[in-house]
Structures are given as C-alpha cells and as structure tokens.
Amino acid sequence: MQVKNPILGLCQQAKFAISAAKVDQCPPDQGYEVAFAGRSNAGKSSALNTLTHASLARTSKTPGRTQLLNFFSLDDERRLVDLPGYGYAKVPIPLKQHWQRHLEAYLGSREALKGLILMMDVRHPMTDFDMMMLDWSRASGMPMHILLTKADKLTFGAAKNTLLKVQAEIRKGWGDSVSIQLFSAPKRQGLEEAYGVLARWMELADKPAE
C-alpha cells in the first residue's frame with residue numbers, strides 16, 4: 001500500500017505567518033524553510049497556491065507585486081517562503097536594488113533554509129536571473145529544484161523537449177545537484193514530484209502519514 005506523503009497534509013493547512021521587508025524581521029531562524037523564487041511572470045504565486053490548495057500567495061495581472069519575504073507556516077517548525085519576484089521592467093530600479101540586497105541577505109544568512117524552488121516559464125527558461133540563482137545555489141551548496149511552469153501552454157512533446165534541453169544545459173554548467181521537472185498549476189501537473197522534494201528537504205520523507 002502506498003503511504004500518503006505527509007507533506008500533503010501540512011501544505012493543506014498552510015497559514016500566512018508574517019511578511020518581512022528585511023532579514024531581521026523574519027521569524028526565528030530555526031526549523032525548516034523552503035523558499036520559492038522566480039521572475040515576476042514565471043507563475044510563482046500560482047505554483048505556491050496549487051501546492052498548498054489555498055490562495056496564500058497573491059496572484060496578479062501586474063507582475064512584481066510580491067515585494068516582501070512572505071512566510072507561510074506548515075507546522076511549528078516548517079515554513080514555505082515566497083520570495084520577491086524579480087526582473088519586471090516597470091518596477092523602479094531603487095526598489096529592484098532593495099529587493100536584491102535583502103534577497104541576498106536572506107539567502108546567504110538563513111540557517112533554516114534547506115532548499116530553493118526556482119520557477120522558470122517553460123517558454124522562456126534560463127533568463128539572467130535564473131542563471132544568477134543557479135550560480136548562487138552552487139556557490140552556497142544550497143539544494144535547488146526547478147519547476148518549469150506553464151507546461152500546459154505547450155504541447156506535451158514541446159514541453160518534454162524543453163525539459164531535456166534545459167536539463168542538459170544545467171548539468172553541463174552547474175552539475176548534477178540541481179533537479180528539474182515540468183509543472184502546470186491549472187492542470188495540477190507535477191504536484192507529486194514537487195511534494196517529494198519538499199518532504200525530503202523538510203525531513204518528512206520517511207515518516208508515515210498520521
């Protein structure tokens with residue numbers, strides 16, 4: 001009999017905890033955190049909401065609205081973190097620089113951070129921002145898992161080809177430490193694989209569901 005992934009129940013009871021403009025406003029640095037990053041139009045909020053079965057992250061027709069580090073608690077010691085979306089042209093440069101500075105401070109100093117989920121639009125993967133995050137992941141030894149979002153916008157064959165191409169590019173440039181999958185929020189495609197990564201990083205992978 002297949003054991004239900006325990007992360008599923010936790011994600012379904014996810015609750016907003018706090019927003020932080022700076023690292024010193026974050027929750028106590030303990031437990032397990034997984035952060036979600038991506039360019040402003042990569043479908044980050046939709047992916048988070050699909051994984052948690054809730055409207056936790058605010059989706060907007062105007063990308064770049066997530067301007068804070070938003071923490072969502074799964075239980076007393078596990079959290080998901082929605083990082084600010086980057087790269088949207090209409091966001092003023094000083095604000096971009098503010099986000100950049102505090103993102104780097106969070107990523108570089110947070111002991112509770114166990115892994116980073118990076119969202120890439122399957123139609124426009126490997127942007128400058130994506131490669132910057134890959135470089136940071138390798139330099140810091142932080143595990144990274146990539147969701148190629150909006151897979152429903154392409155035929156299955158085209159999406160699969162993009163997956164294989166990006167996978168090969170990442171392996172060549174950044175080694176085997178980065179995992180990658182196709183994901184579609186509307187079609188709920190790739191959920192099980194993403195839950196598996198979250199459970200492993202949050203040390204739930206071997207625990208039976210209650």
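Residues numbered from 1 in each chain as written. Predicted model: local features only at pLDDT ≥ 70, side-chain atom pairs only at ≥ 80, totals over all residues. Heavy atoms only, no water.

## Quick word on the nonpolar core
Grouped together as the largest cluster of nonpolar side chains are 34 residues, with contacts concentrated most on Leu 83, Tyr 106 and Ile 146. For this core, the secondary-structure elements that each account for two or more residues are strand 2 (32–38), strand 3 (69–73), helix 3 (93–109), strand 5 (113–121), helix 4 (128–140), strand 6 (144–149), helix 5 (156–174) and strand 7 (178–182). The element that contributes the greatest number of residues to this core is helix 5, accounting for five residues. Look past the residues within four positions of Ile 146 in its chain and what remains in contact with it is Leu 118, Met 120, Leu 134, Ile 170, Val 178, Ser 179, Ile 180 and Gln 181. In this structure, Ala 42, Leu 147, Val 197 and Trp 201 belong to the second largest nonpolar core, which totals 28 residues. (Core = buried A, V, L, I, M, F, W, Y, C linked by side-chain atoms within 4.5 Å. Buried < 20%, exposed > 50% of the residue type's maximum accessible area, 1.4 Å probe, protein only. Helix = DSSP H or I, 4+ residues; strand = E, 2+ residues; numbered from the N terminus. Contact = heavy atoms within 4.5 Å.)

## Here we look at unusual backbone geometry
Residue Met 126 is not a glycine yet carries a positive backbone phi of 60 degrees. Tracing the sequence through the fold places Met 126 in the loop between strand 5 and helix 4. With phi around 60 degrees, Lys 150 is a residue other than glycine that occupies positive phi space. Inspection of the secondary structure assignment puts Lys 150 in the loop between strand 6 and helix 5. Exposure remark for Lys 150: the relative accessible area of 23% places this residue in the partly exposed category.

## Points about the pattern of salt bridges
Applying the stated criterion across every chain yields a total of 10 salt bridges. Across the pair Glu 77 and Arg 78 runs a salt bridge whose closest N-O atoms are separated by 3.3 Å. Taking relative accessible area as the criterion, Arg 78 reaches 4% and is therefore assigned buried. Between Asp 121 and Lys 150 there is a salt bridge, with its nearest N and O atoms 3.8 Å apart. Placement of the pair is Asp 121 in strand 5 and Lys 150 in the loop between strand 6 and helix 5, with a sequence separation of 29 residues. The exposure class of Asp 121 is buried, given its relative accessible area of 8%. Bridged by salt links that share partners, the residues Asp 29, Glu 33, Arg 79 and Arg 110 form one connected network. (Salt bridge = Lys/Arg side-chain N within 4 Å of Asp/Glu carboxyl O.)

## Observations concerning the pairing of strand 7
Within strand 7, four of the five residues are buried, leaving the element largely enclosed by the surrounding structure. Inspection of the sheet shows strand 6 paired to strand 7 by five bridges, in the parallel sense. Its bridge partner being in strand 7, His 145 is matched across the sheet by Ser 179. (Pairing = 2+ DSSP bridges.)

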